[in-house]
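# Breakdown of the fold
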Amino acid sequence: MEGQVGGSGEEFAVGCLLSIKTTLGDEFDGQGLKSGPRRNIRLLNANYIKDFSFLGQADDPLDPKKCFLDLSRLQAREHLAVRQAEADAQRIGVGVTTEAQNIFDALSKTLPVRWDKTVIVVMNEVRVSSPYLPESVSGGTAAANERVKKVVRLLTG
């Protein structure tokens, strides 16, 4: 709740506790904020404030002891971030050249790919081995094999 009240030029100070009544009949208490960590915030157009009263000043408007932390939501976000980091790590070849990683990245845009040590495995059937040239493509159906060779050919010139 940062901003001015009507056209009076009166501003809510950071940390001030207010009781607010809106023109729509809502009543709630709030605290003036400028910025800070992510939190639940309700924005209110000052034109809809019918009345407000100053309740007092908070010692520290960003005191973490007074903030509600949704631990289950934080744990879910952490779990998702760890899964994403693991997925990202699996997409990076270990002990391969930059060119090999570029081929992997290009193939991954349109096809399911994974690393099997230093071999790129496409659609769980076509394999691209070092030196990652069209001649290094093996396995899979003729159509799948040719599709992978075409991409490798484009990338290796």
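Residues numbered from 1 in each chain as written. Predicted model: local features only at pLDDT ≥ 70, side-chain atom pairs only at ≥ 80, totals over all residues. Heavy atoms only, no water.

## Some remarks on the overall build of the chain
The line we're drawing: Runs of E in the DSSP output that reach at least two residues are strands. Runs of H or I that reach at least four are helices, and both are numbered from the N terminus. Between buried and exposed lies partly exposed: a residue is buried under 20% and exposed over 50% of the maximum accessible area for its type, with that area taken using a 1.4 Å probe on protein chains only. Contact definition: two residues touch when any of their heavy atoms are within 4.5 Å.
For the chain, the count of helices and strands is 3 helices and 9 strands. Reading the secondary structure of the chain in the N-to-C direction produces β-β-β-β-β-α-α-β-β-β-β-α. Counting across all 157 residues of the chain, residues that qualify as buried make up 27%. Counting contacts in the chain only where the partners sit at least 6 residues apart, residues at least 24 apart contribute 41% of the total.

## Considering the sheet that holds strand E3 (residues 16–22)
Stated precisely, the cut-off is as follows: For two strands to be treated as a pair, DSSP must find at least two bridges joining them. Note on geometry: axes are C-alpha line fits, over the in-contact stretch for helices, and angles between N-to-C directions span 0 to 180 degrees.
Overall, antiparallel pairing links the 3 strands, which are arranged E4-E3-E5 in an open sheet. Each edge of the open sheet is held by one strand with a lone partner, namely strand E4 (27–31) and strand E5 (49–57). Sheet twist, expressed as the mean angle between neighbouring strand axes with direction ignored, is 25°.

## Re the sheet that holds strand E8 (residues 126–128)
Pairing is antiparallel in the open sheet, where 4 strands are placed in the order E6-E7-E8-E9. Looking at which strands have only one partner, the edges of the open sheet turn out to be strand E6 (113–116) and strand E9 (137–138). Across the sheet, helix H2 (residues 98–108) lies against E6 and strand E7 (119–122), angled at about 150° from E6, the strand it touches most.

## Thoughts on the confidence of the model for the chain
What counts, and what does not: Think of pLDDT as the predictor's per-residue confidence, scored from 0 to 100.
The pLDDT averaged across the chain works out to 81; a share of 76% of its residues lies at or above 70. When the criterion is pLDDT under 50, residues 1–10 qualifies, and its contacts beyond four places in sequence or with other chains add up to 25 contacts.

## Side note on the pattern of salt bridges
The test is simple: Salt-bridge detection follows one rule: a side-chain nitrogen of Lys or Arg within 4 Å of a carboxyl oxygen of Asp or Glu.
For the structure on display, the rule yields 2 salt bridges. In this structure, Arg-127 and Asp-116 form a salt bridge, with 3.2 Å as the shortest nitrogen-oxygen distance. With a gap of 11 residues between them, Arg-127 in strand E8 and Asp-116 in strand E6 connect regions that are remote in the sequence. A salt bridge links Arg-153 to Glu-146; the shortest N-O distance between them is 3.7 Å. Overall, Glu-146 belongs to the partly exposed group, its relative accessible area being 40%.

## Here we look at H2
Stated precisely, the cut-off is as follows: Relevant arc is that of directions from the helix axis to the C-beta atoms, nothing else.
Among all positions of H2, only Ala-100, Gln-101, Ile-103, Phe-104, Leu-107 and Ser-108 are buried. One side of H2 carries all its buried residues, which in axial view fall inside an arc of 160°. Summarising the geometry of H2, the exposed residues directed more than 90 degrees from the buried face are Thr-98 and Glu-99. The elements touched by buried residues of H2 are E6, E7 and helix H3 (142–156).

## Structural notes on the nonpolar core
Formally: By convention a nonpolar core is built from buried Ala, Val, Leu, Ile, Met, Phe, Trp, Tyr and Cys residues, the set being connected through side-chain atoms within 4.5 Å.
Core analysis: the biggest nonpolar cluster contains 17 residues, and Leu-107, Trp-115, Ile-120, Val-122, Val-128, Tyr-132 and Val-148 have the highest contact counts within it. For this core, the secondary structure elements donating two or more residues are H2, E6, E7, E8 and H3. A total of 4 residues in this core trace back to one element, the largest contributor, which is H2. Look past the residues within four positions of Val-122 in its chain and what remains in contact with it is Leu-107, Leu-111, Pro-112, Val-113 and Val-148. Counting 5 residues, the second largest nonpolar core, distinct from the first, contains Cys-16, Leu-18, Phe-28 and Ile-49.

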